[in-house]
Amino acid sequence: MLILNAMDQILYEAQRQGRISFYMTSFGEEAIIGSAAALDPKDQVFGQYREAGVLLQRGFTLEQFMNQCYSNEKDLGKGRQMPIHYGSKELHFQTISSPLATQIPQAAGAAYAMRREGSKQCAICYFGEGAASEGDFHAGLNMAATIGCPVIFYCRNNGYAISTPSIEQYRGDGIASRGIGYGIDTIRVDGNDIWAIYSATKAARQIAVEQNKPVLIEAMTYRVSHHSTSDDSSAYRSTKEVEDWSKRDNPISRMRAWLIGKDWWTKGEDAEITKAAKADVLRAFAAAEALKRPAIRHMFEDVYDQLPPELEREKAEIEALIKKYPDYYQVNEFGR
Amino acid sequence: MLLRLPRTMLLGSRLYSSIARLAPPRQQSRSYSASVDSSVEPIRGLDLGVAHSKLLLRTVASMRNNAELQAQGVSEGDSKKMNMCQAINDAMRHTLATDDTAVVFGEDVAFGGVFRCSVGLAEEFGNERIFNTPLTEQGIAGFAIGMAAMGHTAVAEIQFADYIFPAFDQIVNEAAKYRYRSGNEFNVGGLTIRAPCAAVGHGGHYHSQSPEAFFAHVPGLKVVVPRSPIQAKGLLLAAIRDPNPTLFFEPKILYRSAAEQVPTDDYVLPLSKAEVVRTGKDVTVVGYGAQMYALENAVQMIERDMPGVTCELIDLRTILPYDADTVAESVNKTGRLVVAHEAPRTQGFAAELAAEIQERCFLRLESPIERVCGLFVPHPLVFERFYMPCAVRSYEAIRRSLSY
């Protein structure tokens, strides 16, 4: 949680300084790491966009995070998407896409594939309480229930969808009440209590893989962050509200207090960790910034498994153009 | 004891005799039939439509002569008379038999499907592999994408192409971009979505649409439209096995009306390769799906009315990525192009083909490129005969092109 927090702080600043184009932080929602810890590493993750903690827990390196945010030549995504649209086949974390809730029926289908394989794996699907208003939420949960898919649906109810508070998002009893409607076993947990999340996810996983059916977890938390670097939430909520939440109910301070209570931690011990984390992040950051952008040919590849004739022609046209105007197209910034 | 007849039977017989007493219907022709009276000009004497088409390989001999089937090594093997829905059923059977990860799902597919394309599959392969989904096209598409993302083969059915629009976001924003956006970490090549499309005589707005143009605009997708049973089986197998997400639009009017001697073996036909089904020197005529039969008749009318003129008829087969080379090669020979499709003219696929060929063959063209398409109205019910790019409208367009 401390490493995530440190990375978020530095990358948020980087965007403010114009070094990366966009960023989203997980402030106040770091306890999501508990859900990742409760899974098998081969369980397939379908995220929305605020699950960097899950990817970090899985083993995505600081370098890999930075490379994606900088869209450099080492980015696994080959520079095609905005920052924070991470993905990793090795870590079984499906690449993030911007359209919300599309991952929900996809997770159900992926889980069905795993059920057919008999691999005893499951899928986990993260989404916010706002995305749960999309039609894909209804479609995905209903299909998972009727067809019988080992998938954990994990709703991060953090109180806001950009500026829209949850009272304007739904009128029923949160997202958990909907699970019952679909015939899905459902639990609501304290989303800032890392142990509650861990326990709930572990239990959910067991139900999912042993009974081949979905489980819905609604994790109640609070979005301390602005929605993204394109948002200034003081436009729709008071800074006092944010400060109060941060002080009163914050996953990191609660974990710290719990550890101190057990005599497994001392006050000030995390200062060292935070300092080391910041140094690691800055090192990875500098390295990522120094790299070139991906080679231009990567713009044309992977649209299909092979380049169709149309793309061969367009590629030739662009190559001729950049040969004629190399400075205009700033080709030196790109790799070969 | 009095025999008590059920009330409904009594009511029914009363209604029946009431109807029998009505005057005969105003129009003698069956209003919603797809057939036209061939004793009237300009089609006098011609045998129209798919029932009389020479494009279909009805005999074993004609099937054996097909170069593509020969290349696949199935032309000498067993064949069976199959209509298009049986051929599609056969393609799915081969898929399920050769690929353990393959599943078929959609609304009502388990009992055999509303068009019977999945008859017998659940009995043979089990209901873990052939299953019904709830009524949700966006869910069907998303679920299929998820399965394909895990490397499985998902053959999803959308009950009518008219209902594919709720799935548009999943298809365009997710499936099409899955490989590209992930830097090839992931892909959904195992995804195929099948949907019955196009006019059926009585479908109206929502059982007749041809939505191929919407999807032809999306990098990352493949779009295929077969014209016959042999084509449907081979192209569907190719589409399912192609490592890219593919949409397969099946002209529903051909399900029962088109029958050929279809090889029973496993075979594929090439995607992104147009087929010249009839050679000619004076004009290139391009279409796909059921439109091929209207175009065949139009060409017959032209060659009857303008002796010495021959038309080159091309079936595009794959709409995206399409085979512009074959069309350009033909237009470079003939100098004239007519493109036809049931979808509305404005922004329809013919517009793309016309722009591309105009660019490639500008100096060779002898006349403007003609587009014969559905009118720019929602597909109407009672007015369908005026809406459609029928043989007569296609004939008129080819005449205009030749007489320019």
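Residues numbered from 1 in each chain as written. Chains lettered and ligands numbered in written order. Predicted model: local features only at pLDDT ≥ 70, side-chain atom pairs only at ≥ 80, totals over all residues. Heavy atoms only, no water.

An unreviewed UniProt entry lists chain B under the name 3-methyl-2-oxobutanoate dehydrogenase (2-methylpropanoyl-transferring), with Coemansia aciculifera given as the organism. Looking at chain B in UniProt, the text filed under Cofactor (unreviewed entry) is "thiamine diphosphate". (UniProt positions renumbered as here; feature names shortened; annotations may be inferred.)

Colleague: Before we move on, could you go through the sheet that holds strand β14 (residues 370–374) of chain B and cite the residues and values that matter?
Modeller: All names here are of chain B. The 5 strands are arranged β9-β11-β10-β13-β14 in an open sheet whose pairing can be described as mixed. Of all strands in the sheet, those with a lone pairing partner are β9 (275–278) and β14, marking the two edges. Between one strand axis and the next, the sheet turns through 25 degrees on average, direction left out of account. Bridge count between strand β13 (residues 337–344) and β14: 5 bridges; the pairing is parallel. Within β14, the residue paired with P344 across the bridge is G374. Sheet strands in contact with helix α14 (residues 349–361) are β10 (283–287), β13 and β14, and its direction is about 155 degrees off that of β13. (Pairing = 2+ DSSP bridges. Helix = DSSP H or I, 4+ residues; strand = E, 2+ residues; numbered from the N terminus. Axes fitted to C-alpha atoms, helices over the stretch in contact; angles between N-to-C directions. Contact = heavy atoms within 4.5 Å.)

Colleague: A description of the interface of chain B and chain A should follow, citing residues and the corresponding values.
Modeller: Contact residues are listed per partner, giving 47 residues for chain B and 45 residues for chain A. At the boundary of chain B with chain A, the tally comes to 1 salt bridge. Linking chain B with chain A are 21 residue pairs in polar contact (both at pLDDT 80 or more), by the criterion used here. Here the side of chain B that touches chain A takes 9 residues from helix α6 (residues 137–149) of chain B, the largest share from any one element. (Salt bridge = Lys/Arg side-chain N within 4 Å of Asp/Glu carboxyl O. Polar contact = N/O pair within 3.5 Å; in protein donor to acceptor, adjacent residues only side chain to side chain.)

Colleague: Describe empty space enclosed by the protein, naming the residues involved and giving the relevant values.
Modeller: To find the voids left in a structure, one rolls a probe of water-molecule size over its atoms. Residue and element names in this part refer to chain B. Tallying each qualifying case throughout the model produces 8 cavities of 30 Å³ or more. Roughly 100 Å³ of volume is contained in the largest cavity. Taken together, C197, A198, S210, E212, V225, P251, Y288, G289, A290, Q291, H341 and E342 make up the lining of the largest cavity. Class assignment for the residues of the lining of the largest cavity results in 6 nonpolar, 4 polar and 2 charged. Among the domains, domain 1 (8–42 + 273–403) and domain 2 (60–263) are the pair contributing at least three residues each to the lining of the largest cavity. (1 Å grid on protein atoms, 1.4 Å probe; cavity = no way out; pocket = protein on both sides within 12 Å on 5 of 7 lines; lining within 4 Å. Points joined across faces, edges and corners; volume = space filled by probe spheres on them. Nonpolar A, V, L, I, M, F, W, Y, C, P; charged D, E, K, R; others polar. Domains from an automatic or database assignment.)

Colleague: Kindly report on the nonpolar core, identifying the contributing residues and their values.
Modeller: Residues A:F127, B:F105, B:F143 and B:F249 are the most contacted members of the largest nonpolar core, which totals 94 residues. Formed by 67 residues, the second largest nonpolar core is a distinct cluster that contains B:I43, B:L96, B:F125 and B:L402. (Core = buried A, V, L, I, M, F, W, Y, C linked by side-chain atoms within 4.5 Å. Buried < 20%, exposed > 50% of the residue type's maximum accessible area, 1.4 Å probe, protein only.)

Colleague: Run through the sheet that holds strand β7 (residues 215–220) of chain A, naming residues and quoting values.
Modeller: All names here are of chain A. One open sheet holds the 5 strands; their spatial order is β1-β2-β3-β7-β6, and the pairing between them is parallel. One side of each edge strand has no neighbouring strand; the edge strands of this open sheet are β1 (44–46) and β6 (185–190). Each adjacent strand pair in this sheet contributes to an overall mean axis angle of 20 degrees, direction not counted.

Colleague: Break down the packing of aromatic side chains for me, with residues and values.
Modeller: Under the definition given, this model contains 27 aromatic pairs over all chains. Between A:Y160 and A:Y236, the ring centres sit 5.9 Å apart and the planes meet at 45 degrees, which makes this aromatic pair tilted. Taken together, the positions of A:Y160 in strand β4 (residues 160–161) and A:Y236 in the loop between β7 and α9 (239–248) put the pair 76 residues apart, joining distant regions of the chain. Note on A:Y236: relative accessible area 24%, which makes it partly exposed. Taken together, the aromatic side chains of B:F165, B:F168, B:F214, B:F215 and B:F249 make up a single cluster linked through ring pairs. Here A:R237 stacks its cationic end above the ring of A:Y160, 5.1 Å away from the centre of that ring. The aromatic ring of A:F334 is capped on one face by A:R293, whose charged end is 6.0 Å from the ring centroid. (Phe/Tyr/Trp six-rings, centres within 6.5 Å; stacked < 30°, edge-to-face > 60°. Lys NZ or Arg CZ within 6 Å of the ring centre and 35° of its normal.)

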